[in-house]
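# Coordinate analysis (summary)
Chain by chain, the residues:
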Amino acid sequence: TDLYVSWSPLGTYLATLHRQGVRLWGGSSWEAQQRFAHPLVKLIDFSPNENYLITWSHDPIVVPEGMPQGPQFFSPEDEGNNIAVWDIKTGNLLRTFPSVMPEGEDGAKRQMQWPALKWSTDDQFVGRVTPGQQISVYELPSMRLHDKKSLKIEGVVDFEWCPLGDKDREEAEKAAAAGKKVKENMLAYWTPEVANQPARVTVINFPTRSILRQKNLFNVSDVRISVS
């Protein structure tokens, strides 16, 4: 039986969640288009341009003996992880990660943030925050850590990619078609107030990682970076 259904961002696919994994339906007759073998999957997230899919299961991945092997299936090195990144067109598994459960002030584990990984609006990068430590950004489709190092940011709480409007997308497509340099992605993150240092929001260009603006925030206990 279906446990859950979800539309992709552009309406190309309808995803259904099953005990065995996810199936995507589409086309003129809404036939099965792709499947992803992530048993007991509970949550999914499409990339903005529908090139990639992230799946999550509460139970860690287990690969029993005799299970199918290949690019579309988990392998023993994926065991213990909960999050998987897939290529929608090929159905191939790109990478898996463990869940990060942030700790509250009392040291107790808080609910996992979802989406656990956040996409740049051009599908070129996906980022993941390790609360209090760093933001790790991975390149698509290789899922290699960009520049082989994370952004080390002491105290970092959360981040968001800057969305692109229709005009921004058109300009980016024209620049790419003309072989010109495409405008960089922007990423904003925040760090909380610590001792005598105020809370701070920082905006950077990516992939150059150059700082565009920093803003100190005084007398705040929490910050939400929203995408609109």
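Please refer to the structure placed before this passage.
By convention here, each chain's residues receive numbers from 1 onward along its written sequence. This being a predicted model, a pLDDT of at least 70 is required before a residue's local features are given, and a value of 80 or more before pairs of side-chain atoms are given or counted; all residues contribute to the totals for chains, interfaces and linings. Think of the side-chain values as coming from all heavy atoms in the structure, minus any hydrogens and water.

## Some thoughts on the environment of Pro 39
Among the structural elements, Pro 39 can be located in the loop between β4 (31-36) and β5 (41-46). As a C-alpha pair, Pro 39 and Gln 20 span 19 residues in sequence and 4.3 Å in three-dimensional space. Here a helix means four or more residues in a row that DSSP labels H or I, a strand means two or more in a row labelled E, and each is numbered from the N terminus.

## Description of the pairing of strand β16 (residues 199-206)
Where strand β15 (residues 185-191) lies against β16, seven bridges are found, and the strand directions are antiparallel. Each residue of the ladder has a partner; that of Leu 187, found in β16, is Ile 204. Here, a strand pair is defined by DSSP locating no fewer than two bridges between the strands. Between the antiparallel neighbours β16 and strand β17 (residues 211-217) lie four residues, among them Arg 209 with a positive phi of about 70°.

## With respect to the sheet that holds β16
An order of β14-β15-β16-β17 is seen for the four strands of this open sheet, with the pairing classed as antiparallel. Every other strand in the sheet has two partners, leaving β14 (158-161) and β17 as the edge strands with one partner each. Geometrically, the sheet is characterised by an average inter-axis angle of 15° between neighbouring strands, direction not taken into account. Of the pairings in the sheet, the one linking β16 to β17 comprises six bridges and is antiparallel in character. Residue Arg 200 lies in a different strand from β17, and its bridge partner there is Asn 216. Only the stretch in contact is used when a helix axis is fitted, and all axes are lines through C-alpha atoms; the angle between N-to-C directions ranges over 0 to 180 degrees.

## Let's talk about the nonpolar core
Residues Val 22, Leu 24, Ile 44 and Phe 46 are the most contacted members of the largest nonpolar core, which totals 17 residues. Apart from residues lying up to four places away in sequence, Leu 24 is in contact with Tyr 13, Leu 14, Ala 15, Glu 31, Ala 32, Gln 33, Gln 34, Phe 36, Phe 46 and Ile 88. Nonpolar cores were defined as sets of buried Ala, Val, Leu, Ile, Met, Phe, Trp, Tyr and Cys residues, with membership established by side-chain atoms within 4.5 Å. To sort residues, take the accessible area from a 1.4 Å probe on protein chains only and compare it with the maximum for the residue type: under 20% means buried, over 50% means exposed, and anything in between is partly exposed. Two residues qualify as a contact provided that any one of their heavy atoms is within 4.5 Å of a heavy atom in the partner residue.

## Comments concerning empty space enclosed by the protein
Cavities and pockets are defined on a 1 Å grid built over the protein atoms alone: a cavity is a set of grid points where a 1.4 Å probe fits but cannot escape, while a pocket is an open set with protein on both sides within 12 Å along at least five of seven lines, and lining residues are those with an atom within 4 Å of any such point. Grid points are joined across faces, edges and corners, and a volume is the space filled by probe spheres set on the points. In this structure the tally under the stated criterion is one cavity of 30 Å³ or more. Quantified by volume, the largest cavity comes out at close to 140 Å³. Forming the boundary of the largest cavity are 13 residues, of which Val 100, Met 112, Gln 113, Ala 116 and Val 129 lie nearest the centre. If you list the elements that add at least two residues to the lining of the largest cavity, you get β10 (125-130) and β14. Grouping the constituent residues of the lining of the largest cavity by class yields nine nonpolar, one polar and three charged. Nonpolar residues are Ala, Val, Leu, Ile, Met, Phe, Trp, Tyr, Cys and Pro. Charged residues are Asp, Glu, Lys and Arg, and all others, Gly as well, are polar.

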